[in-house]
Amino acid sequence: DLQRVLALPRRERPTDEEQLALVAPMTSLLARDNLNCQCSSLGARCIKSLLPVQAWYLLESMHGGALGHVTAGSGKTLIGLLLPMVVPNTKRAVLLVPPELMGQTLKDYHVASQHFRLPNLSGSSGAFYTDRPVLDVLAYSKLSAKSCTSWFAERKPDLVIADEAQNLSNVEGVRGDRFLRYFMTAEHPVR
């Protein structure tokens, strides 16, 4: 797998000015009009625009993927929530998160949905949009449970987003093994 990652084409990081120039078109692509947002009742401030690093990562993901470093507090969660909307041919995605971030991730989803078009949240009672992919949010610890033995095979995600990916580093552990086993078959190539 390391060889595959090392073989990815390398592109120079855009300058700060180039990243800033991506904000308006990428925000426009993913924004949603909502004059009656509930951000304040959700205890959050309105986020109506992407940050430059978010715009850059999402653009790169539209055109083959991105591998890089986004620091804490720089918008990783919103990138993860929006990835299914920009990665071509995504019908179902899973966002894996540490169990202690599960509640915050779901809250962030509801806040972001006030101003951005997001994928349909699996298990949600909210509106379902047929033109959008479905997003499962799953805690890594749940992936280790016996009830999730065939979770990947049953849901067949096209895209897996691993927040805090080091939680999959032990390939001899249950969660790492289940993750890798799913992607080692020809019908589920890694993306």
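For every chain, the first residue of its written sequence is number 1, and the numbers climb from 1 along that sequence. Where local features are concerned, this predicted model is filtered to residues with pLDDT of at least 70; where side-chain atom pairs are given and counted, the filter is 80 or more; whole-chain, interface and lining totals use all residues. Based on all heavy atoms of the structure, the side-chain values leave hydrogens and waters out of the count.

Let's talk about the confidence of the model for the protein
Stage number 1. Model confidence for the protein is summarised by a mean pLDDT of 85, while 93% of its residues fall at 70 or above.
Stage number 2. For every residue, the predictor states its confidence as a pLDDT score lying anywhere from 0 to 100. In DSSP terms, a helix is any run of H or I states spanning at least four residues, a strand is any run of E spanning at least two, and both are numbered starting from the N terminus. Between the elements of the protein, mean pLDDT differs from a low of 70, seen in helix 1 (residues 2–6), to a high of 96, seen in helix 2 (residues 16–30).

Considering the side chain of Gln 19
Stage number 1. Here Gln 19 shows up in helix 2.
Stage number 2. If we ignore the near neighbours within four places in the chain, the residues touching Gln 19 are Arg 13, Pro 14, Pro 52, Val 53 and Trp 56. Whether two residues are in contact is decided by their heavy atoms: any pair within 4.5 Å suffices.

Some details on the pattern of salt bridges
When their charged atoms lie close together, side chains carrying opposite charge are able to pair.
Stage number 1. One side-chain nitrogen of Lys or Arg within 4 Å of one carboxyl oxygen of Asp or Glu is enough to make a salt bridge. Taken as a whole and assessed by the stated rule, the structure comprises four salt bridges.
Stage number 2. We note a salt bridge from Asp 136 to Arg 92, for which the minimum N-O separation is 2.7 Å. With Asp 136 in strand 3 (residues 134–139) and Arg 92 in strand 1 (residues 92–97), the pair connects residues that are 44 residues apart, well separated along the chain.
Stage number 3. Two residues, Glu 154 and Arg 155, come together in a salt bridge whose shortest N-O distance is 3.9 Å.

Side note on the packing of aromatic side chains
Stage number 1. The criterion for an aromatic pair is that two Phe, Tyr or Trp rings (for Trp, the six-membered ring) have centres within 6.5 Å, with stacked assigned to planes under 30 degrees apart, edge-to-face to planes over 60 apart and tilted to the rest. Evaluation of the coordinates by the stated rule reveals one aromatic pair.
Stage number 2. Each ring, one from Trp 56 and one from Tyr 57, has its centre 5.1 Å from the other, and the planes form 80°; the classification is edge-to-face. Tyr 57 matches Trp 56 in its accessibility class, with the two residues each being buried.
Stage number 3. For a ring to carry a charge above it, either NZ of a lysine or CZ of an arginine must fall within 6 Å of the ring centroid while also lying within 35 degrees of the normal to the ring plane. Cation over ring: Arg 132 sits above Tyr 129, and NZ or CZ is 3.9 Å from the ring centre. Relative accessibility decides the category of a residue: with a 1.4 Å probe and only protein chains considered, values under 20% of the type maximum give buried, values over 50% give exposed, and everything between is partly exposed.

Comments concerning the layout of surface pockets
Picture a little ball the size of a water molecule; that probe, rolled over the atoms, points out where space is still empty.
Stage number 1. Cavity: a set of points on a 1 Å grid over the protein atoms alone where a 1.4 Å probe fits but cannot get out. Pocket: an open set with protein on both sides within 12 Å along at least five of seven lines, its lining residues, like those of a cavity, having an atom within 4 Å of a point. Grid points are joined across faces, edges and corners, and a volume is the space filled by probe spheres set on the points. For the second largest pocket, the calculated volume is near 390 Å³.
Stage number 2. Along the walls of the second largest pocket sit 20 residues, with Arg 45, Ile 47, Gln 54, Leu 78 and Asp 108 positioned nearest its centre.
Stage number 3. When contributions to the lining of the second largest pocket are tallied by element, the ones reaching two or more residues are helix 4 (76–86) and helix 5 (102–112).
Stage number 4. The dominant element in the lining of the second largest pocket, judged by the number of residues it contributes, is helix 5, at five residues.
Stage number 5. Here the residues of the lining of the second largest pocket are counted per class, giving seven nonpolar, nine polar and four charged. Any residue outside Ala, Val, Leu, Ile, Met, Phe, Trp, Tyr, Cys, Pro, Asp, Glu, Lys and Arg is labelled polar, Gly included; the first ten of those are nonpolar and the last four are charged.

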